[in-house]
Amino acid sequence: MTIERNILISILKLTKNGPVAKELISRDAQVPFQVIDEMLKKSCNTGLIQWKGNVIEASSDQRIRIAIQAIKLGADFQRACNFLKWDEFENIAATALEANNFTVKKHFHFSWLGRRWEVDVLGFRRPIIACVDCKHWHHGWARSATLKAVEAQIERTHALAAAFPQLREKVGVVDWKQAVLVPVVLSLAFGPLKFYQNTPIVPILQFQNFLNELSAHINSLTHFSVHL
């Protein structure tokens with residue numbers, strides 16, 4: 001288990017900037033070639049990596065899965081997260097939204113009441129607007145940090161709802177009659193809470209299922225309705 005964990009961490013570390021040679025993974029993990037081949041075959045069969053000849057590749061989705069698997073095997077949370085790129089979270093969120101027929105805008109900036117705001121990822125599917133905060137925690141989950149993140153995302157979404165009538169053209173929803181804005185906090189793995197103040201805290205690998213069920217449960221979640 002320790003060997004597998006170390007190999008996964010090395011793959012995560014070395015594929016951060018693209019494909020990597022098998023020899024470099026073996027050297028970094030300090031594992032013999034025979035063992036590397038066995039572990040790489042296992043990772044390839046479970047969909048964690050792509051292995052062609054001497055080259056190992058991992059997509060953003062696979063790298064997220066590698067980090068989660070390494071943490072399950074006992075890897076340090078902070079170390080695993082340090083090897084993930086910030087935009088990988090956002091790309092996975094955007095892909096899941098698009099797969100559920102949402103139009104996506106990333107790093108959405110707006111002004112309200114003399115203050116500048118930013119939402120990591122917005123997903124539009126009439127009349128729902130998912131306002132997603134991608135939390136790339138480097139120190140694991142702490143209850144206090146979770147509560148603050150949710151409170152900040154509720155405040156951010158509330159501000160966007162208030163400003164939304166003036167932003168219709170900017171976001172491309174000029175023909176909408178109503179918008180329902182839902183704050184969501186997206187995390188790497190399971191944390192101490194699934195909800196706080198009726199706001200969902202969703203592990204990244206469950207985001208697709210969450211979106212599938214969002215319309216059915218929206219009335220039980222914190223949301224802000226805007227008539228346009």
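Bear in mind the structure is a predicted one, so any value in this text is a computation, not a measurement. (Residues numbered from 1 in each chain as written. Predicted model: local features only at pLDDT ≥ 70, side-chain atom pairs only at ≥ 80, totals over all residues. Heavy atoms only, no water.)

Draft legend 1. Looking closely at the pairing of strand 9 (residues 199-203). Most of strand 9 is tucked away, with five of its five residues classed as buried. Neither face of strand 9 is exposed, since Thr199, Ile201 and Pro203 on one face and Pro200 and Val202 on the opposite face are all buried. Judged from the two bridges that link them, strand 8 (residues 195-196) and strand 9 form a sheet pairing that is antiparallel. Each bridged residue has a counterpart across the sheet, and for Tyr196 the counterpart in strand 9 is Thr199. (Buried < 20%, exposed > 50% of the residue type's maximum accessible area, 1.4 Å probe, protein only. Helix = DSSP H or I, 4+ residues; strand = E, 2+ residues; numbered from the N terminus. Pairing = 2+ DSSP bridges.)

Draft legend 2. Representation of the layout of surface pockets. Roughly 360 Å³ of volume is contained in the largest pocket. Residue assignment for the lining of the largest pocket shows that the elements contributing at least two residues are strand 9 and helix 9 (207-217). Counting residues per element, the lining of the largest pocket draws most heavily on helix 9, which supplies five residues. Of the residues in the lining of the largest pocket, the class split is 11 nonpolar, five polar and two charged. (1 Å grid on protein atoms, 1.4 Å probe; cavity = no way out; pocket = protein on both sides within 12 Å on 5 of 7 lines; lining within 4 Å. Points joined across faces, edges and corners; volume = space filled by probe spheres on them. Nonpolar A, V, L, I, M, F, W, Y, C, P; charged D, E, K, R; others polar.)

Draft legend 3. Molecular detail of the packing of helix 2 (residues 22-29) against helix 3 (residues 33-45). In contact at an axis separation of 10 Å, helix 2 and helix 3 are set at 110° when each is read in the N-to-C sense. With respect to their mutual orientation, helix 2 and helix 3 come out roughly perpendicular. In the packing of helix 2 onto helix 3, the handedness of the crossing is right-handed. Residue-level inspection shows Lys22, Glu23, Ile25 and Ser26 of helix 2 in contact with helix 3, the latter providing Phe33, Ile36, Asp37 and Leu40. Partitioned by chemical class, the residues of the contact of helix 2 with helix 3 number four nonpolar, one polar and three charged. (Axes fitted to C-alpha atoms, helices over the stretch in contact; angles between N-to-C directions. Parallel < 35°, antiparallel > 145°, perpendicular 65-115°, else oblique. Left-handed = near helix turned anticlockwise from the far one by under 90°. Contact = heavy atoms within 4.5 Å.)

Draft legend 4. Broad picture of the sheet that holds strand 3 (residues 55-57). Read across the open sheet, the three strands follow the order 1-3-2; overall the sheet is antiparallel. The open sheet is flanked by strand 1 (20-21) and strand 2 (50-52), the only strands paired with a single partner.

Draft legend 5. Seen up close, the pairing of strand 5 (residues 115-125). Relative to strand 5, strand 4 (residues 103-112) runs antiparallel, the two being bridged by nine bridges. Among the inter-strand pairings, Ser111 is bridged to a residue of strand 5, identified as Arg116. Hairpin connection, strand 4 to strand 5: the antiparallel pair is bridged by two residues, and Leu113 has positive phi, about 55°. As defined by bridge partners, strand 5 adjoins strand 6 (residues 128-134) across five bridges and the pair is classed as antiparallel. By the bridge assignment for strand 6, Val121 is matched with Val132. Where strand 5 folds back onto strand 6 in an antiparallel hairpin, the turn is made up of two residues.

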